[in-house]
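# Reading the structure
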Protein chains: 4
Amino acid sequence: MSLEKEIVEKVKASFAKQLFMDTLGAKLTLVEKGKVKITCAYQKGLSQQNGFFHAGVLTSIVDSACGYAALTMMPKEADVLSVEFKINLLRPAVSNKIVAVGTVFKAGKTLFVCDGLVMDAKEEKVFAKMTATMFVSRK
Amino acid sequence: MSLEKEIVEKVKASFAKQLFMDTLGAKLTLVEKGKVKITCAYQKGLSQQNGFFHAGVLTSIVDSACGYAALTMMPKEADVLSVEFKINLLRPAVSNKIVAVGTVFKAGKTLFVCDGLVMDAKEEKVFAKMTATMFVSRK
Amino acid sequence: MSLEKEIVEKVKASFAKQLFMDTLGAKLTLVEKGKVKITCAYQKGLSQQNGFFHAGVLTSIVDSACGYAALTMMPKEADVLSVEFKINLLRPAVSNKIVAVGTVFKAGKTLFVCDGLVMDAKEEKVFAKMTATMFVSRK
Amino acid sequence: MSLEKEIVEKVKASFAKQLFMDTLGAKLTLVEKGKVKITCAYQKGLSQQNGFFHAGVLTSIVDSACGYAALTMMPKEADVLSVEFKINLLRPAVSNKIVAVGTVFKAGKTLFVCDGLVMDAKEEKVFAKMTATMFVSRK
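A few points on the structure. (Residues numbered from 1 in each chain as written. Chains lettered and ligands numbered in written order. Predicted model: local features only at pLDDT ≥ 70, side-chain atom pairs only at ≥ 80, totals over all residues.)

### Looking at the sheet that holds strand 6 (residues 126-137) of chain D
Reading across from one edge, 1(C)-2(C)-4(C)-5(C)-6(C)-3(C)-3(D)-6(D)-5(D)-4(D)-2(D)-1(D) is the order of the twelve strands in this open sheet, with antiparallel pairing throughout. Of all the strands in the sheet, just strand 1 (26-32) of chain C together with strand 1 (26-32) of chain D have a single pairing partner and so form its edges. Sheet twist, expressed as the average angle between the axes of neighbouring strands with direction ignored, equals 20°. Here nine bridges tie strand 5 (residues 111-120) of chain C to strand 6 (residues 126-137) of chain C, and the two strands are oriented antiparallel to one another. Note that in strand 6 of chain C the partner of Cys114(C) across the bridge is Ala132(C). Along the sheet, helix 3 (residues 55-71) of chain C contacts strand 1, strand 2 (35-41), strand 3 (79-89), strand 4 (97-107), strand 5 and strand 6 of chain C together with strand 3 (79-89) of chain D; its crossing angle with strand 4 of chain C, the most-contacted strand, is approximately 40°. (Pairing = 2+ DSSP bridges. Helix = DSSP H or I, 4+ residues; strand = E, 2+ residues; numbered from the N terminus. Axes fitted to C-alpha atoms, helices over the stretch in contact; angles between N-to-C directions. Contact = placed C-beta atoms within 7 Å.)

### Considerations on the relation of the copies chain B and chain A
Of the two same-sequence chains, chain B is brought onto chain A (RMSD 0.0 Å, axial shift 0.0 Å) by a rotation of 180°. Read as a symmetry element, the transformation amounts to a two-fold axis. When each C-alpha of chain B is compared by its distance to the rotation axis, Lys86(B) comes out closest, at 2.0 Å. A share of 100% of the interface residues of chain B reappears at the interface of chain A, consistent with the copies meeting face to face through the same patch. (Least-squares fit on C-alpha atoms with pLDDT ≥ 70 in both.)

### Observations regarding the nonpolar core
The biggest cluster of nonpolar side chains holds 196 residues, and the ones touching the most others in it are Leu58(A), Leu58(B), Leu58(C) and Leu58(D). The residues touching Leu58(A), leaving out its near neighbours within four places in the chain, are Phe53(A), Ala93(A), Ile98(A), Val118(A), Phe127(A) and Ala128(A). (Core = buried A, V, L, I, M, F, W, Y, C linked by C-beta atoms within 7 Å. Buried ≥ 20, exposed ≤ 12 C-beta atoms within 10 Å, placed from the backbone.)

### A closer look at the relation of the copies chain A and chain C
When chain A is brought onto chain C, the operation consists of a screw motion whose angular component is 180° and whose axial shift is 0.0 Å, with 0.0 Å RMSD remaining. A share of 100% of the interface residues of chain A reappears at the interface of chain C, consistent with the copies meeting face to face through the same patch.

### A word on the packing of helix 3 of chain C against helix 3 (residues 55-71) of chain D
At their nearest, the axes of helix 3 of chain C and helix 3 of chain D sit 8 Å apart, and the two run at 155° to each other. One finds that helix 3 of chain C runs roughly antiparallel with respect to helix 3 of chain D. The two elements helix 3 of chain C and helix 3 of chain D meet at a crossing, and its hand is right-handed. Of the residues in helix 3 of chain D, those in contact with Ala55(C), Gly56(C), Thr59(C), Ser60(C) and Asp63(C) of helix 3 of chain C are Ala55(D), Gly56(D), Thr59(D), Ser60(D) and Asp63(D). (Parallel < 35°, antiparallel > 145°, perpendicular 65-115°, else oblique. Left-handed = near helix turned anticlockwise from the far one by under 90°.)

All we've got here are geometric facts, nothing functional implied.
Structure representation (structure tokens):
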């Protein structure tokens with residue numbers, strides 16, 4: 001198995017174990033070196049008081065996207081943990097599907113800094129913007 | 001209806017409309033002036049890759065707790081919107097139940113700043129710590 | 001005076017009143033619609049315990065750069081106030097000059113979200129990365 | 001020299017090497033286990049466009065206060081580095097003196113989370129509130 005394929009499998013396997021992603025109906029749609037996308041279709045059960053996607057849904061999928069983007073660039077044996085993140089919610093997430101994109105901004109030995117965006121299905125409108133710090137967890 | 005009761009009802013009604021809270025199995029357990037608690041029992045469907053509560057679950061309930069804490073101190077006709085928040089994840093959330101507490105730190109005319117904590121059922125161990133900026137949305 | 005020139009003058013006049021920028025030896029080197037650069041040459045008096053630029057210096061100039069980037073897109077009569085910001089310090093700022101670039105990410109009626117970077121003189125190495133929320137202050 | 005005295009000396013020695021603190025006229029006024037205070041008297045050279053303390057000054061001293069609070073609880077041989085912080089600016093810092101208080105919220109093996117406040121001279125009014133992540137740097 002090529003190194004790249006191995007990494008993709010590692011991310012897919014970890015994502016499959018995040019049962020919360022399944023509860024959200026979230027799908028892993030892209031795994032590249034330093035970049036991961038997760039999408040989530042609208043359901044009433046994901047809404048806040050005005051019927052739009054709850055900020056917590058946006059945050060959950062973009063946190064996972066940032067974490068897995070980091071994982072693609074970590075040593076094979078490492079796992080990823082979120083240290084902290086900050087998210088700005090820019091406008092109500094009115095959309096039938098949301099797309100979270102996580103990208104690695106800085107890869108360090110112990111810490112990674114990632115950028116996250118949550119957008120509409122066409123990836124034109126940005127609903128939220130995250131900066132996340134990830135920890136390289138070695139067993 | 002006393003002013004206080006009216007506020008409690010307003011928060012309860014809004015919480016009931018956040019269908020995502022129901023998806024998480026989250027319950028509103030305290031509504032006081034400037035302070036709100038939301039709890040969430042563990043289910044496999046809320047887990048991350050190691051079987052603990054997903055950071056997104058912690059974030060979702062403490063964002064709502066902060067928002068509703070702010071709403072208790074906003075004008076009657078206002079609604080609350082999350083502008084942004086930052087959360088530090090301090091340790092794996094290994095617990096059969098988590099409790100999110102949101103408290104108002106600064107109440108302004110347009111913006112509120114709130115503190116959030118996510119703890120274990122006994123409220124002894126802190127799993128996560130949030131600072132959130134909330135917007136006073138007037139129709 | 002063209003609208004653009006008027007905005008540039010407004011930013012320059014405000015920058016000149018920020019006497020702290022003078023204490024840091026900071027210079028306003030670019031003012032465009034939605035983008036502002038501020039540079040600062042190294043002096044011993046700006047250092048932390050290892051002799052590098054203090055994180056506070058980086059933060060001060062990139063906060064001002066973000067604020068003025070926002071001001072270029074605000075109504076003529078408005079002033080800008082920093083609501084909050086988050087900054088990740090990526091590596092020691094070892095450089096004879098630092099360059100802070102602030103750009104508007106989202107321009108709203110009441111709030112702006114800006115991106116900030118602090119780089120070396122060649123703008124190749126990134127020392128710090130900021131996300132800032134700015135308030136449109138109307139008299 | 002008692003352990004405590006040794007720690008106080010270590011913090012004082014590091015603070016003295018932060019020449020930027022001297023440029024700001026900042027003084028280290030308290031060093032306890034997990035808690036540090038730094039004060040700064042108003043001078044025109046520390047002001048923003050309206051004559052108040054620049055947000056960068058508040059940030060600089062409270063970042064140092066948080067860092068040194070962490071350092072008091074780190075192993076003897078370790079140094080402290082700011083990983084990232086978020087600060088909310090709650091009101092204009094109109095005061096003849098500001099006091100920054102940094103306290104350790106969570107002490108970890110690799111990372112510390114600290115709370116910071118910047119207040120007026122009487123420590124009654126809060127101007128700014130920080131959450132900072134600090135790194136335990138081992139040579």
